[in-house]
Amino acid sequence: MKKRLLILEDGTVFTGTAFGSDKASQGEVVFTTGMTGYQETLSDPSFYGQIVTLTYPLIGNYGINRDDFESITPAIRGFVVRELADQPSNWRSDMSVDAYLTAQDIPGIEGIDTRKLTRIIREKGAVRAILTEADAEVNIEETVAQLQETPFITHHVREVSPKAAYPSPGRGKRVVLLDFGMKHGILRELNKRDCDVLVVPYNTTPEQILALHPDGIMLSNGPGNPEDVSEGIETIKGLIGKVPIFGICLGHQLFSLACGARSFKLPFGHRGGNHPVKDLCTGRTDLTSQNHGYAIDIDSLKDTDLELTHVALNDGTCEGVRHKKYPIFTVQYHPEASPGPEDSNHLFDEFIEMMEKEAAKENQYA
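Here the residue numbers are simple positions, counted from 1 along each chain's written sequence. Per-residue local features of the predicted model are confined to residues with pLDDT of at least 70, and side-chain atom pairs are confined, for both listing and counting, to 80 or more; whole-chain, interface and lining totals are unaffected and use all residues. Each side-chain value is derived from all of the structure's non-hydrogen atoms; neither hydrogens nor water enter the calculation.

Asks: Which parts of the structure should I look at to understand unusual backbone geometry?
Replies: Across the chain, the bulk of peptide bonds are trans and the bulk of non-glycine residues have phi less than zero. Residue P339 follows S338 across a cis peptide bond; omega there is -5°. Per the convention used, a helix needs a DSSP run of H or I reaching at least four residues, while a strand needs a run of E reaching at least two, with both numbered from the N terminus. You can see P339 is positioned in the loop between β19 (328-331) and α10 (346-364). A positive phi angle, close to 60°, is found at D105, a residue other than glycine. You can see D105 is positioned in the loop between α2 (97-103) and β8 (107-110). Burial here depends on accessible area, computed with a 1.4 Å probe over protein chains only, as a share of the maximum for the residue type. Under 20% is buried, over 50% is exposed, and the range in between is partly exposed. Judged by its relative accessible area of 40%, D105 is partly exposed.

As structure tokens, this is what we get:
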């Protein structure tokens, strides 16, 4: 078995066993706490440019199947696990994680102390790192210097958003889905409710969107810093007040920025399927699936037309907002539960009800 190194920008070096692709790969190391759902994690576009660490110690035991992908092409830069199952056992399994990553040209490393790595990320925040083969030619000092000089990526959404619009037909309400790096679970939930969905690129103009005569607009999840997605912010500004809107994760952040709020980078992000969120309107607490490195500053909502609707019980950060004047609400977490609990799946039904209510108003005055 080949040895592989994970070298962090602070000089920490982990030595483990290689799997997946043989190539070297550089990215930002993050961790996610889900016990299951590694296939959805591997294929989540919100992990673009990142080397993903799984905190659960045994990964791969149920293999990779055809049904649980969140995108066609994975966007992660590397995969880090404590122990990889090389003989998956599940009736749906088509291949092992090793075979999948090899086919997708993504390197992985197993056999390292993932608890130590997670503690480093919790203390120092997400850090730049490189996965490379362990051989005599690797100069650790030069590699660390290179990592420290490498700028962080700022074009995440451009890389994962589609280049052209496409339909996902239904006979119900027409929804234009603005794709900033959509998880297919969101599309599945809309299709399940018979929505006639048109998926459009992140840089589609408000005029082009409104010309499609949508009953509602979905703002998808996606990777990176919301402040880098200026096109999306400007588009959302042109849509506010025109049609009902539902935003998820990055879509929530971009909508909040479009309304005048501010965002900030979390120390190590929220990633996993076990994050408790309190609904301030009902008092209900849901366990949620999350994957983001930025959050909206609650204090910055005071001078906007937004009201806080949800908070994270772990750290008190903003998890949802609602517009005071228009039929628009957004959440930071993933109600489509891919992967994770389905506690907040009802939000898609609320979106449908909001569109029906607005359509009824229009018909009343037609």
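There is more to say after this.
Asks: Just checking my understanding: could you explain the packing of aromatic side chains for this structure?
Replies: Two numbers describe a pair of aromatic rings. These are the distance of the centres and the angle of the planes. Stacked, tilted and edge-to-face are the three classes applied to pairs of Phe, Tyr and Trp rings, where Trp contributes its six-membered ring and a pair requires centres within 6.5 Å; stacked means planes under 30 degrees apart, edge-to-face means over 60, and tilted covers the rest. In total, this model carries six aromatic pairs according to the counting rule given. With a centroid separation of 5.5 Å and 35° between ring planes, the pair formed by F69 and Y100 is classed as tilted. In this pair, F69 is assigned in the loop between β5 (58-59) and β6 (78-81) and Y100 in helix α2, connecting sequence segments 31 residues apart. Ring geometry for F246 against F348: centres 5.7 Å apart, planes inclined by 75°, an arrangement best described as edge-to-face. Here F246 is found in strand β14 (residues 245-248), whereas its partner F348 is found in helix α10, with 102 residues between them in sequence. Overall, F246 belongs to the buried group, its relative accessible area being 0%. Through pairs of rings, three or more aromatic residues link up here, namely F246, F329, F348 and F351. A ring is scored as having a charge over it whenever the NZ atom of a lysine or the CZ atom of an arginine sits within 6 Å of its centre and within 35 degrees of its normal. The cationic tip of R77 hangs over the ring face of Y48; the distance from NZ or CZ to the ring centre is 5.6 Å.

Asks: What is the right way to look at the nonpolar core in this model?
Replies: Looking at soluble globular proteins, one finds that nonpolar side chains tend to be buried together. Residues grouped as a nonpolar core are buried Ala, Val, Leu, Ile, Met, Phe, Trp, Tyr and Cys residues, joined through side-chain atoms within 4.5 Å. Counting 29 residues, the largest nonpolar core has F180, I217, L219 and F255 as its most contacted members. Listed by contribution, the elements that provide at least two residues to this core are β11 (174-179), β13 (216-219), α8 (230-237), α9 (250-258) and β18 (318-323). When residues of this core are assigned to their parent elements, the largest contribution, five residues, is made by α9. Note on definitions: a residue-residue contact is assigned when non-hydrogen atoms from the two residues lie within 4.5 Å. Leave out the neighbours within four places in its chain, and F255 touches L219, I236, I240, L306, V321, H323, I328 and T330. V197, V199, I248 and M355 belong to the second-largest nonpolar core, a separate cluster that totals 23 residues.

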